[in-house]
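# Summary of the model geometry
If you want the building blocks of each chain, they are given just below.
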Number of protein chains: 2
Amino acid sequence: MSGQPNVSLPVSRPGGYAPHVAKKEPVDLQLSVDRNSPVPLYFQLSQQLEAAIERGKLSPGSLLGNEIELAGRLGLSRPTVRQAIQALVDKGLLVRRRGIGTQVVHSQIRRPLELSSLYDDLEAAGQRPATRVLRLETTAADAEAAAALAVAEGAEVRLLERLRLTHGEPVAFLRNQLPPDLLRLEAGELERTGLYRLMRGAGITLHSARQTIGARAASPAEAELLGEEPGAPLLTMQRVTFDDTGRVVEYGSHLYRASRYAFDFQLLVRS
Amino acid sequence: MSGQPNVSLPVSRPGGYAPHVAKKEPVDLQLSVDRNSPVPLYFQLSQQLEAAIERGKLSPGSLLGNEIELAGRLGLSRPTVRQAIQALVDKGLLVRRRGIGTQVVHSQIRRPLELSSLYDDLEAAGQRPATRVLRLETTAADAEAAAALAVAEGAEVRLLERLRLTHGEPVAFLRNQLPPDLLRLEAGELERTGLYRLMRGAGITLHSARQTIGARAASPAEAELLGEEPGAPLLTMQRVTFDDTGRVVEYGSHLYRASRYAFDFQLLVRS
DNA sequence: TACGTTCGGTTGTCCGGACAATCCGAGGCA
DNA sequence: TGCCTCGGATTGTCCGGACAACCGAACGTA
């Protein structure tokens, strides 16, 4: 069991460019798994397939070879191969069709949906995000936060208010309330990175969030803060975030300049 | 194999209300599977567990009995039980912890994320949605739609403009462009139900969507149409929808009255 | 030609087993 | 008392096999 299988995956092109050639037009896809690696086999395979799709080695609409043969070539069992494929189906990259095969989904899509972090989003977009911490203190929870965090109204919470900027221009006003003993927050760190990244660093595994996105006109004070005219349209977002134990880790109530920001994400249908 | 196992699932309450009692406090959960049913066994189990959680029979934080014992009690194999549990983990209802067990996630969460349909959402909320079809014709695609539908600018598309109302009040202005030969659209049907429901009825399986949510001030014409003042904040949403073959089935560019509507959904972290 | 049937191919479901990785608590040791 | 080790419990990964359900295409028949 020391060898590392390294095979070419035959892929058929439905388009059929060469009519006289056999249906299966092998594309030299170098797949291999390392049994000595601590990384699960199905995960290794899944990652390699995803990379192949992302790099265009597997063109949209093309069929993957059948599971049984693929398993044989890689020296894996069919359940393991299925697990790898299933992971990509869940991600929306592949589609299974009984009696037909598994094919790469067309699409220009393919993108994060993710529990998005404004900081990470901006950074990924090449904007250099900056943060000004306006308030960081322990105060009484307001009504919305108390309901979201499931504590009594007026109970102590950690209150955080930030202004997020790119290129020196304000983009959003972020107001968070957190359980008081969840995390040690420091203004210095908060100006250097995002809140979610700090949470992950503290060993908190984010799991899901419930959020509401709306819009309203800016009040004079909000306009002043964000550099807009009073009455300008603002995007509002309220979000309650849960970690993997179901604990509420954060309630946020945010304002975004509609002229400079929009939410962008992908939805998958849950059958 | 003709019997229908019907067992009680022991559930331990971490809270431990009765200290002197054994740790496992069995809750009379009636689980059963019907091997003669065409419904897959894992799906039957999955649905029953979900129902139990939804009805509060399985309280948040409580542990499910271990997989092996549960499999034995139900007369199923462990992989089948795992498949059922995995489905609920994917839905965000359960959390697995190696060495500990599987527990019901705390939370007030639990809600649709879904590829939401405005019509269905309103109907589910008890609003009685109504629709006025303003335009339904074949025209040249505009720039955004052409890019989204991957056709040449100016190519023919089916254009649909609707006004959505509840209680006689406008809520949203919906503008869709579709591939011309995808679906036979009739104004009458469109006034009675939603677009997505018509698509599903025509055998189209919706798969995923990419959308952008922003805000802007209403133009005089838009304000007139929606019953707002010019300059009032409007929510905007652009959406490209794909079916399970990866085909683009719709490009929509919609306007919502921010005073009467907000987007509400749940996000799951994809690890 | 048009239609129905059959058949091969592929994924869907299910089983039973084996071992590894991880967590928590109990017990031992200093 | 406090720390460390160990072991039981539970999920994670992987295997090999079996049969069912479904799709498309080739084939045969009217």
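Everything that follows concerns the structure shown earlier in this document.
Below is a summary of the structure that appears in this document. (Residues numbered from 1 in each chain as written. Chains lettered and ligands numbered in written order. Predicted model: local features only at pLDDT ≥ 70, side-chain atom pairs only at ≥ 80, totals over all residues. Heavy atoms only, no water.)

All right, on to the overall build of chain A then. When you go through chain A residue by residue, the secondary structure sums to eight helices and twelve strands. Sorting the 271 residues of chain A into buried and exposed places 48% on the buried side. Considering only intrachain contacts with a sequence separation of at least 6, the fraction spanning at least 24 residues in chain A is 58%. Only carbon and sulfur atoms are counted for the fraction: they give 50% of the accessible area of chain A, which is about 13,300 Å². (Helix = DSSP H or I, 4+ residues; strand = E, 2+ residues; numbered from the N terminus. Buried < 20%, exposed > 50% of the residue type's maximum accessible area, 1.4 Å probe, protein only. Contact = heavy atoms within 4.5 Å. Areas by Shrake-Rupley, 256 points an atom, 1.4 Å probe, with all protein chains shown as cover.)

A:Arg82, B:Arg35, B:Leu41, B:Thr80 and B:Arg98 are the nearest of the 26 residues found near DNA strand C. Protein-adjacent atoms of DNA strand C, using a 4 Å cutoff, are sugar or phosphate at a proportion of 71%. Contacts to DNA strand C include A:Arg96, whose side-chain N or O atom sits 3.1 Å from a phosphate oxygen. Contact distances for DNA strand C include 2.4 Å between a phosphate oxygen and a side-chain N or O atom of B:Thr80. Those elements giving two or more residues to the surface near DNA strand C turn out to be helix H2 (67-74), helix H3 (78-91), strand E4 (94-97) and strand E5 (101-104) of chain A together with helix H1 (41-54) and helix H3 (78-91) of chain B. (Near = heavy atom within 4 Å. Polar contact = N/O pair within 3.5 Å; in protein donor to acceptor, adjacent residues only side chain to side chain.)

Pairing is antiparallel across the open sheet formed by seven strands, whose spatial order is E6(A)-E7(A)-E8(A)-E11(A)-E10(A)-E9(A)-E12(B). Of all strands in the sheet, those with a lone pairing partner are strand E6 (129-140) of chain A together with strand E12 (263-268) of chain B, marking the two edges. Neighbour to neighbour, the strand axes of the sheet diverge by 15 degrees on average, direction disregarded. Pairing of strand E10 (residues 233-243) of chain A with strand E11 (residues 248-257) of chain A, which is carried by nine bridges, proceeds in the antiparallel orientation. Among the inter-strand pairings, A:Leu234 is bridged to a residue of E11(A), identified as A:Arg257. (Pairing = 2+ DSSP bridges. Axes fitted to C-alpha atoms, helices over the stretch in contact; angles between N-to-C directions.)

Around DNA strand D, the structure places 27 residues, and the nearest of them are A:Arg35, A:Leu41, A:Ser77, A:Thr80 and B:Arg96. Sugar plus phosphate: this is where 73% of the atoms of DNA strand D within 4 Å of the protein reside. Between DNA strand D and A:Leu41, the relevant distance is 2.3 Å, taken from a phosphate oxygen to a main-chain nitrogen or oxygen of the residue. One of the side-chain nitrogen or oxygen atoms of B:Thr102 is found 3.4 Å away from a phosphate oxygen of DNA strand D. Ranked by residue count, the leading element in the surface near DNA strand D is H3(A), at four residues. Along the lines of polarity and charge, the residues of the surface near DNA strand D split into eight nonpolar, nine polar and ten charged. (Nonpolar A, V, L, I, M, F, W, Y, C, P; charged D, E, K, R; others polar.)

The next point concerns the environment of B:Glu169. Residues and elements named next belong to chain B. For Glu169, the location among the structural elements is in strand E8 (residues 169-178). Considering only alpha carbons, one finds Glu169 and Arg192, 23 residues apart in sequence, at a separation of 17 Å. Setting aside anything within four residues of it in sequence, one finds Glu169 in contact with Arg164, Arg257 and Arg260. Here the side chain of Glu169 touches Arg257 through a polar contact of 3.0 Å, side chain to side chain.

Our next topic: the relation of the copies chain A and chain B. In summary, the two copies of the chain are related to each other by a rotation about an axis coupled with a shift along it. Rotating chain A by 180 degrees and translating it 0.1 Å along the rotation axis places it on chain B, where the RMSD comes to 0.2 Å. Each copy turns onto its partner about a two-fold axis. Of every C-alpha in chain A, the one belonging to A:Pro233 sits nearest the axis of rotation, 2.5 Å from it. Taken as a fraction of all interface residues of chain A, those also at the interface in chain B reach 100%, which identifies the copy contact as same-surface. (Least-squares fit on C-alpha atoms with pLDDT ≥ 70 in both.)

The subject of this paragraph is the pattern of salt bridges. Residues and elements named next belong to chain B. Within this structure, the stated rule accounts for 30 salt bridges over all chains. For Arg135, the salt bridge identified is with Glu137, shortest N-O distance 2.7 Å. Where Arg257 meets Glu228, a salt bridge forms, and the shortest distance between an N and an O atom there is 2.8 Å. Remark: Glu228 occurs in the loop between helix H8 (220-226) and strand E10 (233-243) and Arg257 occurs in strand E11 (residues 248-257); sequence separation between them is 29 residues. A relative accessible area of 7% places Arg257 in the buried class. You can call Glu228 buried: its relative accessible area is 18%. (Salt bridge = Lys/Arg side-chain N within 4 Å of Asp/Glu carboxyl O.)

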